[in-house]
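# Fold and geometry: a report
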Amino acid sequence: MSDDENPPVRPPEADDQSDEATGDGTAPTRPGRIAIARFDGTVGLYDPDTLERIQAIDVQSNDRPTRAVAWHPDGQRLLTGGSDCTVRLWDVDATDPLVLAHDDLRGQDLYAMAWHPAGTHYAFGGWSLPAQVWAVGGEEPLWTLDHDGADVEAVAFHPEGDRLATASTDSDVPAVILWDLTTGDRVRERDDASVSGGEPLAWAPSGDRLAIGGTLSVQVFDGQLDEHVATLDGHT
């Protein structure tokens, strides 16, 4: 597509203040709440100090698992997705979604989602579903990012908002791919054994480090995925 058809995803303004969404079945803390996707199709909102459940959002009407949640940077809205391969945007104090954003995705299951730091775009991916980047309220994806035909099990926006990392546990494709969101091109990929099973993903707030989960350890790379920085063991 032309540049006019795919406008670049803009970095957030310098004074934007936002939290990074994990897209791994949990969402970062906002004041007073943690969101956790549940196998029964609900999303539980919990007090971060007591871990008591404050509220349950009935996301999936057919009781299929909810697998991914991500807080909007404003802390008032929540994006959810799951085994019915739909995406819903919620006001967390309401009982019905603000928007049923996607109900016709050609995939089997939605595994991961994340908000752009400015809150203007979001990304998701899943089983038989390539990563897609959408503008809020958009009618078609800005980018469809094919992870070499594999399932996409993690997505993470760079803090500057101009790059997206995607991850897959499929052994036949690169574990992690870094994409340029101004062009839709892949910038770098890692397919070495150290990042086998590369999900979930998390950027350092400075953007100069990317942590990649794995089977037994976490691998930390520089922000360009060129240099291996550290191996963090301990989860066996």
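Above this text sits the structure in question.
Numbers given to residues run from 1 along each chain, matching the order in which its sequence is written. The predicted origin of the model limits local features to residues at a pLDDT of at least 70 and limits the giving and counting of side-chain atom pairs to 80 or more, whereas totals for whole chains, interfaces and linings rest on all residues. As a rule here, side-chain values come from all non-hydrogen atoms in the structure, and water together with hydrogens is ignored.

Turning to the overall build of the protein, a few remarks are in order. Only DSSP runs of H or I with at least four residues qualify as helices, and only runs of E with at least two residues qualify as strands; both kinds are numbered from the N terminus onward. Within the protein, the regular secondary structure consists of zero helices and 20 strands. Throughout this description, buried means an accessible area under 20% of the type-specific maximum (1.4 Å probe, protein chains only), exposed means over 50%, and partly exposed covers the range between. Classification of the 236 residues of the protein by burial places 48% in the buried group. For the protein, contacts bridging at least 24 residues in sequence account for 40% of all contacts bridging at least 6. For this analysis, residues touch if any pair of their heavy atoms sits within 4.5 Å.

What follows covers the nonpolar core. Judged by nonpolar contacts, the single largest core of 15 residues is most densely connected at Val133, Leu145, Val155, Phe157, Leu164 and Leu181. Secondary structure elements with two or more residues in this core: strand S9 (109-115), strand S11 (129-135), strand S12 (143-145), strand S13 (154-157) and strand S15 (176-180). As used in this record, nonpolar core signifies buried Ala, Val, Leu, Ile, Met, Phe, Trp, Tyr and Cys residues forming a set joined through side-chain atoms within 4.5 Å.

We now examine the side chain of His158. Of note, His158 is situated in the loop between S13 and strand S14 (163-167). For the purposes of these results, a polar contact is taken to be a pair of N or O atoms within 3.5 Å, where, inside protein, one atom must be able to donate a hydrogen and its partner to accept one; residues adjacent in sequence count only when each atom of the pair is a side-chain atom. A distance of 3.0 Å separates the side chain of His158 from the backbone oxygen of Gly207, its partner in a polar contact. Other than its neighbours up to four places away in sequence, His158 contacts Pro117, Arg163, Trp203 and Gly207.

With that out of the way, let us pick up the packing of aromatic side chains. Under the pairing criterion, centres of Phe, Tyr and Trp rings, with the six-membered ring standing for Trp, must be within 6.5 Å; the plane angle then separates stacked pairs below 30 degrees from edge-to-face pairs above 60, leaving the rest tilted. Following the criterion strictly, the structure yields two aromatic pairs and no others. Arranged with centres 5.6 Å apart and planes meeting at 70 degrees, the rings of Trp115 and Tyr122 form a pair that is edge-to-face. As far as burial versus exposure is concerned, Trp115 and Tyr122 are alike and both buried. An aromatic cluster of at least three residues, connected via ring pairs, comprises Trp115, Tyr122 and Phe124.

As a further point, take the environment of Tyr111. With respect to the element layout, Tyr111 can be found in strand S9. Of the residues examined, Tyr111 reaches a relative accessible area of 22% and is grouped as partly exposed. Residues Tyr111 and Arg67 lie 44 residues apart in sequence; the distance between their C-alpha atoms is 5.6 Å.

Here we take up the sheet that holds S15. We call two strands paired when DSSP finds no fewer than two bridges between them. Taken in spatial order, the four strands make up an open sheet running S13-S14-S15-S16, and their pairing is antiparallel. Where the open sheet ends on each side, the last strands, each with one partner, are S13 and strand S16 (185-190). The sheet shows a mean angle of 20 degrees between the axes of neighbouring strands, taken without regard to direction. Where S15 and S16 come together, five bridges link them in antiparallel fashion. Among the inter-strand pairings, Val176 is bridged to a residue of S16, identified as Arg190. Think of each axis as a best-fit line through the C-alpha atoms, taken over the contacting stretch in the case of a helix, with angles from 0 to 180 degrees between the N-to-C directions.

Next up on the list: the pairing of S11. Burial analysis of S11 places five of its seven residues in the buried class, the great majority of the element. By the bridge criterion, five bridges tie strand S10 (residues 121-127) to S11 in an arrangement that is antiparallel. Counterpart to His121 in the pairing with S11 is Ala135. Remark: one residue form the turn of the hairpin made by S10 and S11, two consecutive strands paired antiparallel; Ser128 in that turn has positive phi of roughly 60 degrees.

This part is about the pairing of S15. A large share of S15 lies buried, amounting to four of its five residues. As paired strands, S14 and S15 are joined by five bridges and run antiparallel to one another. Of the residues in S15, the one forming a bridge with Ala167 is Val176.

Okay, the sheet that holds S12 next. The strand order across the open sheet formed by four strands is S9-S10-S11-S12, and the pairing between neighbours is antiparallel. Only two strands of the sheet have a single partner each, and these edge strands are S9 and S12. The average angle at which neighbouring strand axes cross in this sheet is 20 degrees, direction not considered. Relative to S10, S9 is paired through six bridges, and the arrangement is antiparallel. Paired with Trp115 across the two strands is Tyr122, which belongs to S10.

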